[in-house]
Amino acid sequence: MPEANRYLENHLAGRLRAASCGREAVCFAELAEAPGRPQISYGDLFAGAERNAKALAAAGLEPGDRVAVQVEKSIEALQLYLGTVLAGGVFLPLNTAYTPAEVRYFLGDAEPRVFVCDPTKLETLQSVAAEAGVGRVLTLSAAGAGSLTDLVEEQEPGFEAVARGRDDLAAILYTSGTTGRSKGAMMTHGNLASNAEVLQESWRFTAEDVLIHALPIFHTHGLFVATNVTLLAGGSLIFRARFDAEAVLGDMVRATAMMGVPTFYVRLLDCAGLTKEATAGMRVFISGSAPLLAETHRLWAERTGHAILERYGMTETGMNTSNPYAGARRAGTVGFALPGVEVKITDPASGEALPAGEVGGIEVRGPNVFTGYWRMPEKTREELREDGFFVTGDLGLIDAEGYISIVGRSKDLIISGGYNVYPKEVEALIDAVEGVRESAVIGLPHPDFGEGVAAVVVPDKEGDLTEAGLAAALKDDLARFKQPKRVFLVDELPRNTMGKVQKNLLRDRYKDSFAAPGAQASG
Ligand code: MLC
Ligand code: AMP
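Remember, it's a predicted structure, so these values are computed and weren't measured experimentally. (Residues numbered from 1 in each chain as written. Chains lettered and ligands numbered in written order. Predicted model: local features only at pLDDT ≥ 70, side-chain atom pairs only at ≥ 80, totals over all residues. Heavy atoms only, no water.)

Q: How should the pattern of salt bridges be read in this particular structure?
A: Side chains that carry opposite charge are capable of pairing whenever their charged atoms lie near each other. Summed over the entire model, instances satisfying the criterion amount to 27 salt bridges. Asp 65 is the salt-bridge partner of Arg 113, the closest N and O atoms lying 2.8 Å from each other. Of this pair, Arg 113 sits in the loop between α4 (100-110) and β5 (114-117) while Asp 65 is found in the loop between α2 (42-58) and β3 (66-70), placing the two residues 48 residues apart along the sequence. Here Arg 113 falls in the partly exposed class, since its relative accessible area comes to 35%. Exposure remark for Asp 65: the relative accessible area of 12% places this residue in the buried category. Asp 448 is paired through a salt bridge with Arg 267; the nearest N and O atoms lie 2.7 Å apart. Of this pair, Asp 448 sits in the loop between β23 (436-446) and β24 (450-459) while Arg 267 sits in helix α10 (residues 262-269); the two residues are 181 residues apart in sequence, bridging distant segments of the chain. With a relative accessible area of 28%, Arg 267 lands in the partly exposed category. (Salt bridge = Lys/Arg side-chain N within 4 Å of Asp/Glu carboxyl O. Helix = DSSP H or I, 4+ residues; strand = E, 2+ residues; numbered from the N terminus. Buried < 20%, exposed > 50% of the residue type's maximum accessible area, 1.4 Å probe, protein only.)

Printed below as a string of structure tokens:
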């Protein structure tokens, strides 16, 4: 393949348009929740992306500049992503749940040229952006209106994509850090293009596919995996602002594929209408971002006749492994390394490769693996080895037939409904609350989210700390999904002889807190 064809912009714009030559009017997305604007064609999608690129250039964007974005899911937001890439910019999406306090850190760290936010948050975020020295703040609402749209509409159609090489940055995605400070994973054009190609082929996406897209578009799963794969294949999306089990079930009559986090599958299994007939037109169900329980896999197969295809990835690497499209999709495994990706299991202490069947750290190498953390060379050196292997922090094994299973994590991470929560970040905020002596934040089994965040807190002896008071103190500083859903006030935390808090004991003690009937969320 000629070098130029490997660049992301060629996949997402030039190459796709060439491939779909004469197909500009073909539907790219059905907008499930936008009556009066039922669909958008490929022609409209890219015309809008080009005008976004022009608007960004008019706003002062130079190639390599970051465009930070905290907006609701919309087609205009996707056009902003494509427009940023076409203009040679670096897309930096932020979870809409982040509070202004959290956004302040990202803007300060990434120093974007442009920040786009929801019009309803402008008043607060304008000053946050000004403090961080952001050149231009624009707005975009869930309905696609705002000062960005005004600027976009002033632009003439047509924009020549700024040439970018495979090592140039296309995006920075922040991922919470073990030390509590989020790290910006730098993704290149080559990373995104190679992963989109491999997944499209492995999962056999074609122009005939209609993908149910109910994931957020500020993370790898919804933004890169779901969107890039569909764009590359020339397929269509049923584009939903958020996941709603009954609505998604209804979409299955005209869709062929769905990608979701395990919570999607758990919630769909609660719908009486989930039957073999309701899913008969579906070609493939894909799950990832968090462990899918073998039980969920089994129940799904029983109810629908489909074996969920589970895959494994992360922000820093895109997708690494996948169960086979043709061949046995094994419950409780994440399948095989994807073509071009190497996976090895190593001794966490020595880094030496371990024999098949032994549990160790999962390391990956390939064209999908990021180039490092934004302005954190030391963190990068800790996790990205000189030989190109990335230390994922996940623990796993490869069985005799080559299937990879993830059996745990060496990193202290909670994954709740597909969102990552790093206990350190939450503990630091709890510990700063008046009346708290110390805390331990843990993930407990949760029937809906897989894991739920819980905090075990030791109050000061003389203080009058309450759960409600603690929740109120965290409200403005922490995204809702990171806030503890249960708080346990205790006299002391269990420690080992080295003085380290024994979180395993706490996880065991409170393991039924969410699963127990009548468990109340107190966070
Ligand atoms: C919402 N809440 C959550 C939560 N999502 N709490 C914990 N974990 C979550 N994931 C909060 C809400 O604020 C609300 O709080 C309460 O829980 C109930 O909300 P809900 O209405 O039931 O939530 P809903 O909007 O339906 O969202 C649930 C969800 C959503 C699972 C659909 O979280 C989601 O779309 N998750 C997908 C995340 C994702 O895309 N991850 C991919 C990362 S990329 P209250 O108290 O105010 O009522 C990656 C790499 C890879 O990991 O391999 O893919
Ligand atoms: P993130 O940093 O948000 O990209 O989350 C990446 C992490 O999600 C990985 O390191 C894994 O711990 C977890 N993950 C992703 N897919 C799976 C899966 N199929 N099974 C188990 N864990 C997964």
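Q: For this particular structure, what's the right way to read the packing of aromatic side chains?
A: Each pair of aromatic rings is reported with the distance of its centres and the angle of its planes. All told, the structure shown has 18 aromatic pairs when counted by the stated rule. With centroids separated by 5.1 Å and ring planes inclined at 80°, the aromatic side chains of Phe 370 and Phe 390 adopt a geometry described as edge-to-face. Of this pair, Phe 370 sits in the loop between β17 (360-365) and β18 (372-373) while Phe 390 is found in strand β19 (residues 390-398), placing the two residues 20 residues apart along the sequence. Residue class for Phe 370 comes out buried when judged on its relative accessible area of 3%. Overall, Phe 390 belongs to the buried group, its relative accessible area being 0%. (Phe/Tyr/Trp six-rings, centres within 6.5 Å; stacked < 30°, edge-to-face > 60°.)

Q: Which parts of the structure should I look at to understand the site of ligand 1?
A: The environment of ligand 1 is made up of 23 residues, and the closest members are Arg 267, Ser 289, Arg 311, Ser 416 and Arg 480. For ligand 1, an oxygen atom lies 2.7 Å from a polar atom in the side chain of Arg 267. Here ligand 1 loses 75% of its free accessible area of 1,000 Å² to cover by the protein chains. Within the residue set of the shell around ligand 1, elements represented by two or more residues are α10 and β13 (309-314). Classifying every residue of the shell around ligand 1 by side-chain character gives ten nonpolar, eight polar and five charged. (Near = heavy atom within 4 Å. Polar contact = N/O pair within 3.5 Å; in protein donor to acceptor, adjacent residues only side chain to side chain. Areas by Shrake-Rupley, 256 points an atom, 1.4 Å probe, with all protein chains shown as cover. Nonpolar A, V, L, I, M, F, W, Y, C, P; charged D, E, K, R; others polar.)

Q: I keep staring at the sheet that holds strand β9 (residues 210-213) and nothing clicks. Help me out?
A: Hydrogen bonding along the main chain pairs the strands of a sheet, whether they run parallel or antiparallel. An order of β2-β1-β10-β9-β11-β12-β13-β14-β15 is seen for the nine strands of this open sheet, with the pairing classed as mixed. The sheet is open, and its two borders are formed by β2 (39-41) and β15 (336-337), each paired with just one other strand. Strand direction decides the pairing type here: strand β11 (residues 257-260) and strand β12 (residues 284-287), joined by four bridges, are parallel. Opposite Met 258, over in β12, you have Phe 285 as the bridge partner. Sheet contacts for α2: β1 (27-31) and β2; angle to β2, the most-contacted strand, approximately 75°. Docked against the sheet, α10 engages β11 and β12, running at close to 115° with respect to β11. (Pairing = 2+ DSSP bridges. Contact = heavy atoms within 4.5 Å. Axes fitted to C-alpha atoms, helices over the stretch in contact; angles between N-to-C directions.)

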